[in-house]
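# Fold and geometry: a report
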Amino acid sequence: MPGVEGIEVKNPRGFAVLLPLLLAVMTIPAIAQSAASSAESGTPVTRTTLPNGMRVVVIRNSLAPVVTIQANYIVGGNETPEGFPGMAHAQEHMAFRGCPGMDADQTAAIYALLGGQNNADTQQNITQYFATVPTGDLDVALQAQAACMRNVDDSQAQWDQERGAIEQEVQRDLSNPEYKFIDKLNGLIFAGTPYAHDPLGTKTSFDATTGPMLKSFYDKWYSPSNAILIVVGDVDPAATVAKIKKMFGDIPRREVPARPAIRLQPFQSQTLTIDSNLPYVLGFIAYRLPGTDSPDYAAINILSDVLASQRADLYGMVPAGKALAAEFGVAETYRKASVGFGLVALPAGQDATSAIAEMRQIITKYAQNGVPADLVDAAKRSEIAQAEFQRNSIPGLADTWSAALAAEGRNSPEDDIDAIRKVTLADVNRVAKKYLLNASTITATLKPVSSGGPVAQKGFGGSEKVTATPTKPVKLPEWAAGALDKLQIPVDNLKVSDTTLPNGIRLIVRTDKTSPTVTVVGSVKHNSDLQTPKGEEGLSSILDELYSYGTQSLDRIAFQKALDDIAANESAGYQFSLSVLKEYFSRGVQLLADNELHPALPQQAFLITQRQTAQFVAGQLQSPGYKTSRALDLALLPAGDPVLRETTPETVSKATLEAVRKYHDETVRPDLTTIVVIGDVTPEEAKSVVEKWFGDWKATGPKPETTLPAVPVNKESAVTVPDPERVQDEVILAEQLKINRFDPDYYPLELGNHVLGGGFYATRLYHDLREVTGYVYTVGVSLQASKTRSSYSVMYGCDPKNVSKARALIVRDLNQMRTQDVSADELHLAKALVLRQIPLSASSESAVAGGLLGHAILGLPLNEQYLAAKKYFGMTADDVKNAFARQVSTDNLVQVVRGPAPQ
């Protein structure tokens, strides 16, 4: 139940800058409409407003037998009491601690039995509760939402338990330098307004919060008249509206208080320097821009896209060798204001002053002289095309509608697209002058600091004396029990074409006419640890970065213009992709093939990329994140394992352009390539296009080895990687297992993992480490298996004083899995999780394509999930216990801690 979301600002060269920006937005209720059906962007929409004021929007989307329900309450960080900035966030957490007829354990069990794809988030002016479930479970999901709209418990006892978890969420974000920057930025740009604090909250305010205070907040704001219910999926709209009226219609309406006024004040330009644990320097210039209420908002978005274009001068700093990454974006989007930021990433240790100054000059020049008309046209085409792709995900479409109606106060997402269509070049140049020239700005540098090397630990500290069974049987409410007590094997409705072309390419096609779009994802089997010559580590990294410099027939700018002309997104490399409108499918595949098979690899670009890669690697080797990953590999793998090969600035500097070209020619081969095409295209059309542009590609020489050898199990060890920027420890417990992905024990282990995690409080680890003790905010368990090796891991974050206590609970739970049968209720819940997650995995085209590609690469049947369902359905508690006893040993756990030394 996060209070913040992550936005990845990805430079096309491959250097990714993760900036966790708060999706803090403000809105007011939109105008109610009577029930009606319309076709907005080709999407059937049914609307109604109940007598109690709750607005309902049902959007039919037949992509998969799945439905997403989002309950949006128009309350968030803006409405919190003075001194209690996280009150809305705390109330969001407490909704999972009990509502009428549904206590905390029942809530967790219901959502786990529904497939476990539910969550909530608190933004600046909305709080959202959402779940994606099989269509047949719509009634149960709606009933659960209705229960919490009627009332919540908000007991002091439950808050005393939940407080620890939410404070760990705060500690997690305070361990993130980007979050600390955004927090300071908001405080400066929006001083004196609710926007100055984000909805996450603070430990101090949570310590002072009580159950009665939360209940008072709920009573004020959680009214059906202050809510918008969005339902998207393969449903009958009329029948769904009838169900909603029956379940929600008699909930009493309450008038909500007046909302705080947002009065923006002028702010003074300031410069900040913030310590960081990233492997590079980040430089920012932040501007205050208009919010979603402003008629200038659409033009601002187009301006942002123009400034961020690979054909614009800001990105030009990258191929000029002046930055590792350069970007412009609009974030922190509220009703009355937003924040625009220019960003450059630089090598660790480099002074950012000159790069920030050049970035400012570039932005100012565009504001003074105007932006290129063709970049405005390209940005508009891209924004309009992306609206079509939104229909390719049921949860994504629900997000889009919730953002438009609840966060922005629109009538429909189409309102935003209509505004984009009306933007002119004059509009863009006007807003550039108005908001970027002579404007107050916040300039910031996030500067990496030394963290020290890993420190071996002896022993694991104190233990937690808890011997009770982790979970107890839960009796479901009558309205949920009937639907959730039965297990069903999902129907195998996977319809794909699977062919191998004459040159060895495996082509998999899935036709889906949800939108007039086509998505292509592909993979060339490759393992740089096995295929890179000794002493030349880093060749594949250089090659990956060089793909963005165009092809042998189109230089960098011309290639990007060709993509812009058809509003396509493309990336080449060992993992490649294309998103394109159906009408431009052939042209898009032509450009993808040209980039994949005939990259330009120009000499000057090679020299710049080689230097940048060496600089990036130098910073990466000193970063706590890399040191943590490296410490884990060294502990798990035997000496001399190929994975332990290390790229260094020295190996990168030895590379030659001839070596990079040779590496491309030897490793990028059709007989190692799988391509998945999904969208509004038939198998025949897809095959014809792929053969046309990839058909002449031929493999030469022997096929290289890309599969790692098996490895033995590891020995127990513990190490701490210091990270002075973290206040919370990040902990990984892991071990190598003797099995691979094709071992029969894989399936009972995976089922057992759903007893341990994945179902919130209904599963053992969340019950013990979060619900009961409050040691963690999240805990995850993972079984990663390939053709030849596998690893088992548990990951959590907690205060240093609780690292060993949490570990003791995890070890106890793992040992119980090895020695005791799981209960019948736990086994039923785990089976429900894995069986219902199968149809849920088809809720977006990207998920379907990714699943098909993953199965193909591993050599699994394309319908593997349906074959596995039959195995899971028939498994017994003995099967699970015996697999854990054979394969998992708590005596072999490796512990790697990133942060302060555990106490």
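Residues numbered from 1 in each chain as written. Predicted model: local features only at pLDDT ≥ 70, side-chain atom pairs only at ≥ 80, totals over all residues. Heavy atoms only, no water.

### Describing the overall build of the protein
The helix and strand tally for the protein stands at 31 helices and 28 strands. The C-alpha atoms of the protein give 27 Å as radius of gyration, which agrees with the globular expectation for 903 residues (29 Å, within 12%). For the protein, the C-alpha atoms occupy an extent of roughly 70 × 65 × 55 Å along the three principal directions. Burial status across the protein gives 60% buried among its 903 residues. (Helix = DSSP H or I, 4+ residues; strand = E, 2+ residues; numbered from the N terminus. Rg over C-alpha atoms; globule rule 2.2 N^0.38 Å. Buried < 20%, exposed > 50% of the residue type's maximum accessible area, 1.4 Å probe, protein only.)

### Digging into the pattern of salt bridges
Counted under the stated rule, the structure contains 46 salt bridges. Across the pair D723 and R898 runs a salt bridge, and its minimum N-O distance is 2.9 Å. Note that D723 is positioned in the loop between β24 (717-721) and β25 (729-737) and R898 in strand β28 (residues 894-898), a separation of 175 residues in sequence. Among the charged side chains, a network of salt bridges with common partners joins D296, D427, R430 and K434. (Salt bridge = Lys/Arg side-chain N within 4 Å of Asp/Glu carboxyl O.)

### Notes on unusual backbone geometry
Unlike most non-glycine residues, D154 shows phi in positive territory, near 50°. Here D154 lies in the loop between α3 (138-150) and α4 (156-174). With a relative accessible area of 5%, D154 lands in the buried category. The backbone of N438 shows a phi angle near 55°, a positive value even though the residue is not glycine.

### Regarding the sheet that holds strand β18 (residues 497-500)
Sheet strands line up and pair through hydrogen bonds in the backbone, either parallel or antiparallel. Taking strand neighbours across the sheet as the criterion, the six strands line up as β18-β19-β23-β20-β22-β21 in an open arrangement whose pairing is mixed. The open sheet is flanked by β18 and β21 (569-571), the only strands paired with a single partner. Between one strand axis and the next, the sheet turns by 15° as a mean value, whatever way the strands run. The pairing of strand β20 (residues 517-524) with strand β23 (residues 673-679) spans seven bridges and is antiparallel. Note that in β23 the partner of G522 across the bridge is I675. Across the sheet, helix α24 (residues 683-694) touches β18, β19 (506-511) and β23, and the angle it forms with β19 is around 145°. Taken strand by strand, helix α29 (residues 845-858) contacts β19, β20, β22 (575-581) and β23, and its axis lies near 155° from that of β23. (Pairing = 2+ DSSP bridges. Axes fitted to C-alpha atoms, helices over the stretch in contact; angles between N-to-C directions. Contact = heavy atoms within 4.5 Å.)

### Considering the packing of α4 against helix α26 (residues 764-772)
Two elements in contact, α4 and α26, have axes whose closest approach is 8 Å; the angle formed by their N-to-C orientations is 100°. Considering their axes alone, α4 and α26 lie roughly perpendicular with respect to each other. Across the interface between the two elements, Q161, E162 and A165 of α4 pack against R770, E771 and V772 of α26. Residues belonging to the contact of α4 with α26 are distributed by class as follows: two nonpolar, one polar and three charged. (Parallel < 35°, antiparallel > 145°, perpendicular 65-115°, else oblique. Nonpolar A, V, L, I, M, F, W, Y, C, P; charged D, E, K, R; others polar.)

### Focus on the side chain of T532
In this fold, T532 is placed in the loop between α16 (528-531) and α17 (539-546). By relative accessible area, which is 6% here, T532 ends up buried. One polar contact links the side chain of T532 to the main-chain carbonyl oxygen of S528, over a distance of 2.7 Å. What T532 contacts, discounting residues up to four positions off in sequence, is E537, L539, R645 and Y663. (Polar contact = N/O pair within 3.5 Å; in protein donor to acceptor, adjacent residues only side chain to side chain.)

### Let's talk about the sheet that holds strand β16 (residues 441-448)
Taking strand neighbours across the sheet as the criterion, the five strands line up as β12-β16-β13-β15-β14 in an open arrangement whose pairing is mixed. The open sheet has two free edges, formed respectively by β12 (270-276) and β14 (325-331), since each of these has just one partner strand. Taking each pair of neighbouring strands and ignoring which way they run, the sheet shows an average axis angle of 20°. Sheet analysis places strand β13 (residues 280-289) next to strand β15 (residues 338-347), joined by 10 bridges and oriented antiparallel. Bridging from a neighbouring strand, Y280 pairs with P347 of β15. Here helix α5 (residues 177-189) sits on the sheet in contact with β12, β13, β15 and β16, set at roughly 160° to β12.

### Details of the confidence of the model for the protein
Confidence in the prediction for the protein averages 92 pLDDT; 94% of positions are at 70 or higher. When the criterion is pLDDT under 50, residues 1-41 qualifies, and its contacts beyond four places in sequence or with other chains add up to 160 contacts. Predicted confidence is poor over residues 460-470, with pLDDT under 50, and the contacts of this stretch with residues over four places away or in other chains come to 27 contacts. (pLDDT = per-residue confidence, 0-100.)

### Things to note about the environment of E255
Of note, E255 is situated in the loop between α8 (237-248) and β12. Owing to a relative accessible area of 62%, E255 belongs among the exposed residues under this scheme. Along the sequence, E255 and R669 sit 414 residues apart, while their C-alpha atoms lie 65 Å from each other. Among the polar contacts listed, one links the side chain of E255 to the side chain of R253, at a separation of 3.2 Å.

### Things to note about the nonpolar core
Formed by 127 residues in total, the largest nonpolar core has its most connected members in M54, L229, I244, F248, Y796 and F884. If one sorts the elements of this core by residue count, α3 sits on top with nine residues. Discounting chain neighbours no more than four positions away, the residues touching F884 are P748, L749, G752, N753, L756, Y792, L814, M817 and R818. Counting 53 residues, the second largest nonpolar core, distinct from the first, contains V580, L601, A605 and W697. (Core = buried A, V, L, I, M, F, W, Y, C linked by side-chain atoms within 4.5 Å.)

### A look at the side chain of R311
With respect to the secondary-structure elements, R311 resides in the loop between α9 (297-308) and β14. Taking relative accessible area as the criterion, R311 reaches 14% and is therefore assigned buried. Side-chain polar atoms of R311 contact the side chain of D564, separated by 2.9 Å. Other than its neighbours up to four places away in sequence, R311 contacts D374, L375, A378, I557, Q560, K561 and D564.

### What to know about the packing of aromatic side chains
This structure, assessed with the given rule, holds 19 aromatic pairs. Look at Y195 and Y334: their rings are 4.2 Å apart centre to centre, the planes differ by 35°, and that puts the pair in the tilted class. A residue pair is termed long-range when its members are at least 10 positions apart, and Y195 in the loop between α5 and α6 (203-208) and Y334 in the loop between β14 and β15 qualify at 139 residues. By relative accessible area, Y195 is classed as buried at 0%. (Phe/Tyr/Trp six-rings, centres within 6.5 Å; stacked < 30°, edge-to-face > 60°.)

### Topic: the state of the cysteines
Here the structure, examined in full by the defined rule, presents one disulfide. Put simply, C99 and C148 are joined by a disulfide, and their sulfur atoms are 2.0 Å apart. In this structure the cystine formed by C99 and C148 twists about its S-S bond by roughly 95°; its chirality is therefore right-handed. Of this pair, C99 sits in strand β7 (residues 98-99) while C148 is found in helix α3, placing the two residues 49 residues apart along the sequence. In terms of burial, C99 and C148 fall into one category: buried. (Disulfide = S-S within 2.5 Å.)

### A closer look at helix α21 (residues 624-636)
Along its 13 residues, α21 runs 18 Å from first to last C-alpha, staying within 8% of the 18 Å computed at 1.5 Å per residue. For α21, the set of buried residues is P624, Y626, K627, T628, R630, A631, L632 and L636. Looking at the buried residues of α21, the elements they touch are α20 (603-621), β24, β25 and β28. (Expected span 1.5 Å × (residues − 1).)

### Quick look at the packing of α17 against α20
Where α17 contacts α20, the axes come no closer than 10 Å and their chain directions differ by 125°. Judged by the angle between their axes, α17 and α20 are oblique. For the crossing formed where α17 meets α20, the hand is right-handed. Contacts between α17 and α20 pair S541, I542, E545 and L546 from the former with A605, F606, T609, Q610 and T613 from the latter. Here the contact of α17 with α20 is composed, by residue class, of four nonpolar, four polar and one charged. (Left-handed = near helix turned anticlockwise from the far one by under 90°.)

### Looking at the pairing of strand β4 (residues 43-49)
Most of β4 sits out of view: five of its seven residues are buried. As paired strands, β4 and strand β5 (residues 55-60) are joined by five bridges and run antiparallel to one another. By the bridge assignment, T46 is partnered in β5 with V58. The turn joining β4 and β5, which pair antiparallel and follow one another in sequence, is formed by five residues; a positive phi near 95° is taken by G53.

### Digging into helix α13 (residues 413-422)
Within the sequence span of α13, burial applies to P413, E414, I417 and I420. Projected onto a plane normal to the axis of α13, the buried residues spread over an arc of 115° and lie on a single side. On the buried face of α13, the contacting elements are α9, α11 (373-389) and α12 (394-407). Looking at where α13 begins, the residue whose side-chain oxygen comes 3.0 Å from the main-chain nitrogen of E414 is S412. (Arc of directions from axis to C-beta.)

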